[in-house]
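# Summary of structural features
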Amino acid sequence: MAASLQPSLIVHGGAGDWSSEDGDGEALVAACAAAARAGFEILRAGGSALDAATAAVVVLEDDPRFNAGTGSALTVDGEVECDASVMCGDGRAGAVGALRDVRNPIRLARLVMEKTPHVLLVGAGAGAFAVECGLTPVPPGALVTERMRDKWRAAVARAAGAPAASGGTVGCVARDAAGRVAAATSTGGMMLKRRGRVGDSAVIGAGTYADDGAGAVSCTGHGEAFIKAAAAKQVVEALRAGRSPAEAAREVLPAIRRHGGSGGLICVGADGRLGFAFDTPRMAHAWIDADGREGAGFRAV
Ligand code: ASP
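The shown structure was predicted, so the numbers you read here are calculated from the model rather than taken from an experiment. In this convention, every chain numbers its residues from 1, walking through the sequence in written order. pLDDT decides what is reported in this predicted model: residues at 70 or higher carry local features, side-chain atom pairs at 80 or more are listed and counted, and totals for whole chains, interfaces and linings draw on all residues regardless. In computing side-chain values, all of the structure's heavy atoms are included and hydrogens and water are not.

### What about the overall build of the protein?
In plain terms, the rule: Secondary structure elements are taken from DSSP: a helix is a run of H or I of four residues or more, a strand is a run of E of two residues or more, and numbering for both begins at the N terminus. Burial status follows relative accessibility: with a 1.4 Å probe on protein chains alone, a residue under 20% of its type maximum counts as buried, one over 50% as exposed, and anything between as partly exposed. Residues count as neighbours in contact if any of their non-hydrogen atoms are within 4.5 Å of one another. Accessible surface is estimated by sampling points in the Shrake-Rupley manner with a 1.4 Å probe; for residues, cover comes only from the protein chains shown.
Scanning the protein from N- to C-terminus turns up eight helices and 12 strands. Split into buried and exposed, the 301 residues of the protein put 57% on the buried side. Look at the contacts in the protein between residues 6 or more apart in sequence, and 69% of them connect residues 24 or more apart. In the form shown here, the protein has an accessible surface area of approximately 11500 Å², with 53% of it arising from carbon and sulfur atoms.

### Considering empty space enclosed by the protein
What counts is decided by this rule: Cavity: a set of points on a 1 Å grid over the protein atoms alone where a 1.4 Å probe fits but cannot get out. Pocket: an open set with protein on both sides within 12 Å along at least five of seven lines, its lining residues, like those of a cavity, having an atom within 4 Å of a point. Grid points are joined across faces, edges and corners, and a volume is the space filled by probe spheres set on the points.
All told, the structure shown has two cavities of 30 Å³ or more when counted by the stated rule. Reported here for the largest cavity is a volume of approximately 140 Å³. If you trace the largest cavity, you find 19 residues lining it, with Thr 169, Thr 187, Gly 189, Met 190 and Gly 221 closest to the centre. Top contributing element to the lining of the largest cavity by residue count: strand S8 (residues 215–221), with three residues.

### Section: the site of the ligand
Applicable threshold: Summary of the distance rule: residues count as near a molecule or strand when at least one heavy atom falls within 4 Å of that molecule or strand. Contacts described as polar in this section are N or O atom pairs within 3.5 Å, which, within protein, must combine one atom able to donate a hydrogen with one able to accept it, while residues neighboring in sequence count only if both atoms come from side chains. Occupancy of a cavity or pocket is assigned to a molecule whenever over half of its atoms lie within 2 Å of that pocket's grid points. Residue type decides the class: Asp, Glu, Lys and Arg count as charged, Ala, Val, Leu, Ile, Met, Phe, Trp, Tyr, Cys and Pro as nonpolar, and the leftover types, Gly among them, as polar.
Taken together, the neighbourhood of the ligand is formed by Thr 169, Thr 187, Gly 189, Met 190, Arg 197, Asp 200, Ser 201, Thr 220, Gly 221 and Gly 223. At a separation of 2.8 Å, an oxygen atom of the ligand approaches a polar side-chain atom of Thr 220. Taking Gly 223, its main chain carries an N or O atom lying 2.9 Å from an oxygen atom of the ligand. The fraction of the free accessible surface of the ligand (270 Å²) that becomes covered by protein chains is 100%. More than half of the atoms belonging to the ligand lie within 2 Å of the grid points that define the largest cavity. Broken down by class, the residue content of the shell around the ligand amounts to one nonpolar, seven polar and two charged.

### Describing the environment of Phe 129
In this fold, Phe 129 is placed in helix H4 (residues 123–132). Considering only alpha carbons, one finds Phe 129 and His 118, 11 residues apart in sequence, at a separation of 12 Å. Ignoring anything within four residues of it in the chain, the contact list for Phe 129 reads Leu 108, Leu 111, Val 112, Lys 115, Thr 116 and Leu 121.

### Some remarks on the pattern of salt bridges
Definition in use: When a carboxyl oxygen of Asp or Glu is within 4 Å of a side-chain nitrogen of Lys or Arg, the pair counts as a salt bridge.
Enumeration over the complete set of coordinates arrives at 20 salt bridges. Note that Glu 237 is salt-bridged to Lys 233, the shortest N-O span being 2.7 Å. Of this pair, Glu 237 and Lys 233 both sit in helix H7 (residues 231–240), four residues apart, which is roughly one turn of the helix. Overall, Lys 233 belongs to the partly exposed group, its relative accessible area being 28%. Within the structure, one salt-bridge network assembled from shared partners comprises Asp 211, Lys 233, Glu 237 and Arg 240.

### A few points about the nonpolar core
When a protein is soluble and globular, its nonpolar side chains tend to lie buried together. The condition is simple: Joining through side-chain atoms within 4.5 Å is the link that ties buried Ala, Val, Leu, Ile, Met, Phe, Trp, Tyr and Cys residues into a set, and such a set is a nonpolar core.
Within the largest apolar cluster, 46 residues are counted, with the highest numbers of intra-cluster contacts made by Leu 9, Val 11, Leu 60, Val 96 and Leu 108. When residues of this core are assigned to their parent elements, the largest contribution, nine residues, is made by helix H1 (residues 25–44). Setting aside residues no more than four positions away along its own chain, Leu 108 makes contact with Val 96, Leu 99, Ala 126, Phe 129, Ala 130 and Leu 135. Core analysis: the second largest hydrophobic core is formed by 35 residues, Ala 214, Val 235, Val 252 and Leu 253 among them.

### Describing the sheet that holds S8
Within a sheet, adjacent strands bond to each other through the backbone by hydrogen bonds, running parallel or antiparallel. Quick note on the threshold: The pairing criterion for strands is at least two bridges between them, as found by DSSP. Axis geometry follows a simple rule: fit a line to the C-alpha atoms, using only the stretch in contact for helices, then measure angles between N-to-C directions, giving values from 0 to 180 degrees.
Spatially, four strands are ordered S7-S8-S9-S10 in an open sheet, and the strand pairing comes out antiparallel. Each having just a single partner strand, strand S7 (208–211) and strand S10 (274–278) make up the two edges of the open sheet. Between one strand and the next, the sheet's axes are offset by a mean angle of 10°, whatever the strand orientation. Sheet analysis places S8 next to strand S9 (residues 263–269), joined by seven bridges and oriented antiparallel. Bridging from a neighbouring strand, Ser 218 pairs with Ile 266 of S9. Packed on one face of the sheet, H7 meets S7, S8 and S9 and runs near 145° to S8.

### Observations concerning the packing of H1 against helix H2 (residues 49–61)
If you want to describe how two helices pack, look at the angle between their axes and the distance between the axes. To be explicit about the condition: Angle categories are assigned with fixed cut-offs, so that under 35 degrees is roughly parallel, over 145 is roughly antiparallel, 65 to 115 is roughly perpendicular, and the rest are oblique. Here is the rule for handedness: rotate from the far helix to the near one, and if that takes an anticlockwise turn smaller than a right angle the crossing is left-handed, while a clockwise turn gives right-handed.
Following both chains from N to C, one finds H1 and H2 inclined at 155°, their axes separated by 8 Å at the closest point. Classed by the angle they form, the pair H1 and H2 counts as roughly antiparallel. The element H1 and its partner H2 pack so that their crossing is right-handed. Residue-level inspection shows Ala 31, Cys 32, Ala 35, Ala 38, Gly 39, Ile 42 and Leu 43 of H1 in contact with H2, the latter providing Ala 49, Asp 51, Ala 52, Ala 55, Ala 56, Val 59 and Leu 60. Residue classes in the contact of H1 with H2 are distributed as 12 nonpolar, one polar and one charged.

### Examining the pairing of strand S2 (residues 82–88)
Judged by how many residues are buried, S2 sits mostly within the fold: seven of seven residues are covered. The alternating pattern of S2 places Cys 82, Ala 84, Val 86 and Cys 88 on one face and Asp 83, Ser 85 and Met 87 on the opposite face, and all of these are buried. Where S2 meets strand S3 (residues 93–99), five bridges bridge the pair, whose relative direction is antiparallel. Its bridge partner lying in S3, Val 86 is registered against Gly 94. Between S2 and the antiparallel strand that follows it, S3, lie four residues; Gly 91 among them carries a positive phi value of about 105°.

Listed below in C-alpha cells is the structure:
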C-alpha cells in the first residue's frame, strides 16, 4: 500500500438533546475524542479506513453512556434490539438490524459484508449468523443498563407508547493513507420503538454510505426521516458534485426536516476534509484532520 496521504477521521456520539441525567456533555465529548484517537492510531500505523472506523465504533458500543451495544435504548417491550452498518468506499457493505444479545453489532455488520453475499441480516437470522461466526451471545439483558431501564420506565409512564429519539447513536467516517474511505454506524435505535423496527443506522444509503470517489457519511437522528430522504447517499452525491464536507452535511438537513425529522451527520470527502452538521440542540463529535489537528464539541457553533 502506498502510504502517501495524510489520514483523517471524525466520530459522532449521537444527535439529540440529552439532559443532565445522561452525564455532562464534556464527558461524552471526551469519550468521542478517545474513540477518535483509537481509530486514528490505526490510520497512523498504515491501517485501513475500515479498520479505523470499526475500532472507533467498538469503543463507543462498549461505553454504557452511548445508545449502541451496551447501553442501548429499549423497545416498547423493554428489550435491546440493535442496528448497525458499515460501508467501504470500494462498494462493499454489510448491516444488521433488530439484533439481540451481540455485544458489538458493528463487528457482525462487518462479518455480513466479509462472509456473506448479502448486505443486511435481521433478527433471529442475524443472531444465528453471529453464533456461526463464533461471536458468543451475551446473556439476555446483559446490554441493558440501569440508566436506560430508568429512562424506559419514565418514557413508558410519560409517552403512552410513542417512540422517541434517545440520542447516543455512534458513528465514524475515515480516510486512510491510501485514499480509501469507510463509514460505520451503530445504535440501539429509538426508545419505545416496536419490536422488529429497523432504522436508518442499518440501511445503506440512509444512515451510512461510502464511495472512494466522493466520500463517506454516518448519520444520526429520526431514522424514518433519514430513510425517506436517502440521507447518506444524498450527502455523498453533494460531495461528488463539489460541495465541501461542511456544506454537503448542512444541505441535507432541510430534506430530513421535510420528512418530519431532525438529527445530524459526519462526513469525510475523498480529499480527506471533514465536515459535520446537526439541527438538534446537541451532537457530541470529535475529529482528527489531515494536518493532525484535533477538535471536539457537542453544541452548534
Ligand atoms: N437513527 C437512529 C434510529 O432511528 C437513532 C439515532 O440516531 O438517535 O434508529
